[in-house]
Amino acid sequence: MDFVILAGGLGSRFVKEGYECPKPLVPLFGKPMIGVLINTLMKCGAEHIYVGANARMQMLLDYLEELRGEGLPVITRPIITDNSYCTLKAASEGIEGKFIAMTCDAIFPTDEFRKYVECVNNSPADVALMGLTRFVEDESPLYARVTEDGEVIDYRYGGAPFEEGVIVSAGLYGLSGGIMNVIPELGLEPESLSDFQRLLAVATPVKVRPFEFSIAFDVDNTRDRLHAESFLGGA
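Draft legend 1. View of helix α6 (residues 177-185). All of the buried residues along α6 are G177, I179, M180, V182 and I183. Elements in contact with the buried residues of α6: α4 (84-91), β6 (98-103), β8 (127-133), β11 (168-176) and α7 (193-202). Among the residues trailing α6, G187 stands out with phi positive, at a value near 75°.

As C-alpha cells, then:
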C-alpha cells in the first residue's frame, strides 16, 4: 500500500505557543510526530510514503532526507501552497493505484488502521473509502452525512451536524489515482481538503463509503500533543 502524508501547512497554533520547530517535527515521546506516523505506516505494510512537505521548512526536508538515508521508502514532494487540496494533489501525483492519505498529525488506533488498509485494498476502483469517527474533539469539525445503506453523500464544515447523526471526518482518506483524476476532469477546483471531500461526494460519480474509527484526532496544540502521548502510550 502507498501512503500520502500532508505536511504543507504552517502549524500556526504551535508557533503561537512558542515552538521553534515545524509542526511535523513537534515531538511525541521525544520523536518527531511525522516520524511516529511513518513508523506506524511501515508497520502497516508501506511500500512508498509520499510526503507533501512545505518547501519553506528546511528542517523538515532535512529530516525526511535522513529517513530516506536510513532506507525508509520516503519520497518528498516539496510544495508552497495555502490550499490543502493542492498539497494532496502534488503529493499523490503519479500514483496510479490505491493509496491512503492523511495529515502529518493524524492519531488513530493502529489495529483499526490495519483493517482500514485491508478494506481500501479490497474496495472497488471507483470507491473512495473515507475514514469517519463519532469521536468529536475539533472545535470546527467536518461533519459527514451518511445514508442508512452506507454512503457518504455530503460534508459540512463546522456549524451543526446533519440530522442523520453526529459523525465527522477522521482525517484518513482511501483514494486512488483514478479518483484523484475525476476532480480536474470535471473542471472542479477545490478550495481546501474539506472542499475536496464535499465535491467528491456531491459533484462526482465516485462512490464515497465510510470506514468508522472508534477514535481519531489531529494534533494542533500542546493539549492535543499531551492527549496524543496519553492515547498512544496506552495503545
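Moving on from the model shown.
Draft legend 2. Quick look at the environment of V208. Following the sequence through the fold, V208 ends up in strand β12 (residues 207-213). C-alpha of V208 to C-alpha of A128: the two residues are 80 residues apart in sequence and 4.8 Å apart in space. Setting aside anything within four residues of it in sequence, one finds V208 in contact with A128, M130, E151, V152, Y155, L200 and A201.

Draft legend 3. Spotlight on the environment of N54. Position of N54 relative to the elements: it lies in strand β4 (residues 48-54). On the basis of relative accessible area, N54 is assigned to the buried category, the value being 2%. Counting along the chain gives 26 residues from N54 to I80, while the straight-line C-alpha distance between them is 5.7 Å. Within the local environment of N54, its side chain forms a polar contact with the backbone oxygen of G8, the two atoms lying 3.3 Å apart.

Draft legend 4. A look at a negative patch on the surface. Residues D62, E65, E66 and E70 make up a contiguous surface patch of negative charge. Examined against the element boundaries, D62 turns out to sit in helix α3 (residues 58-69). Judged by its relative accessible area of 40%, D62 is partly exposed.

Draft legend 5. Representation of the packing of α4 against α6 in the model. The geometry of α4 relative to α6 is characterised by a closest axis approach of 11 Å and an angle of 130° between their N-to-C directions. As the angle between them shows, α4 and α6 are arranged oblique. As for how α4 packs across α6, the hand of that crossing is left-handed. Contact residues: α4 offers Y85, L88 and K89, while α6 offers M180, I183 and P184. Grouping the constituent residues of the contact of α4 with α6 by class yields 5 nonpolar, no polar and 1 charged.

Draft legend 6. Structural view of the nonpolar core. Counting 36 residues, the largest nonpolar core has I34, M102 and F113 as the members making the most contacts within it. For this core, the elements supplying multiple residues, two or more each, are β1 (2-7), α2 (33-43), β4, α3, β6, α5 (110-122), β11 and β12. Here this core takes 5 residues from α3, the largest share from any one element. Excluding residues within four positions of it along the chain, M102 makes contact with F3, V4, I5, L6, L37, L41, F108, F113, G171, L172 and Y173. Core analysis: the next-biggest nonpolar cluster, separate from the first, contains 30 residues, I95, L132, Y155 and L193 among them.

Draft legend 7. Just the packing of aromatic side chains, in detail. Per the stated rule, a full pass over the model turns up 10 aromatic pairs. Seen from their ring centres, F14 and Y19 are 4.9 Å apart, and the 85° between their planes marks the pair as edge-to-face. Residue F14 is classed as buried on the basis of its relative accessible area of 1%. An angle of 25° between the planes, with centres 4.6 Å apart, marks the rings of F108 and F113 as stacked. The side chain of R156 reaches across the aromatic face of F162, ending 4.2 Å from its centre.

Draft legend 8. Expanded view of the packing of α6 against α7. The interhelical angle for the contact between α6 and α7, taken along N-to-C directions, is 90°, at an axis separation of 11 Å. Judged by the inter-axis angle, α6 sits roughly perpendicular to α7. Between α6 and α7, the contacting residues are I179, M180 and I183 on the first element and F196, L199 and L200 on the second. Among the residues making up the contact of α6 with α7, the classes are represented as 6 nonpolar, no polar and no charged.

How each quantity is defined
- Residues numbered from 1 in each chain as written.
- Predicted model: local features only at pLDDT ≥ 70, side-chain atom pairs only at ≥ 80, totals over all residues.
- Heavy atoms only, no water.
- Buried < 20%, exposed > 50% of the residue type's maximum accessible area, 1.4 Å probe, protein only.
- Helix = DSSP H or I, 4+ residues; strand = E, 2+ residues; numbered from the N terminus.
- Contact = heavy atoms within 4.5 Å.
- Polar contact = N/O pair within 3.5 Å; in protein donor to acceptor, adjacent residues only side chain to side chain.
- Patch = residues over 30% accessible without salt bridge, like charges linked within 9 Å, V, L, I, M, F, W, Y side chains within 5 Å.
- Areas by Shrake-Rupley, 256 points an atom, 1.4 Å probe, with all protein chains shown as cover.
- Salt bridge = Lys/Arg side-chain N within 4 Å of Asp/Glu carboxyl O.
- Lys, Arg positive; Asp, Glu negative; His and termini not counted.
- Charge placed at Lys NZ, Arg CZ, Asp CG, Glu CD.
- Axes fitted to C-alpha atoms, helices over the stretch in contact; angles between N-to-C directions.
- Parallel < 35°, antiparallel > 145°, perpendicular 65-115°, else oblique.
- Left-handed = near helix turned anticlockwise from the far one by under 90°.
- Nonpolar A, V, L, I, M, F, W, Y, C, P; charged D, E, K, R; others polar.
- Core = buried A, V, L, I, M, F, W, Y, C linked by side-chain atoms within 4.5 Å.
- Phe/Tyr/Trp six-rings, centres within 6.5 Å; stacked < 30°, edge-to-face > 60°.
- Lys NZ or Arg CZ within 6 Å of the ring centre and 35° of its normal.

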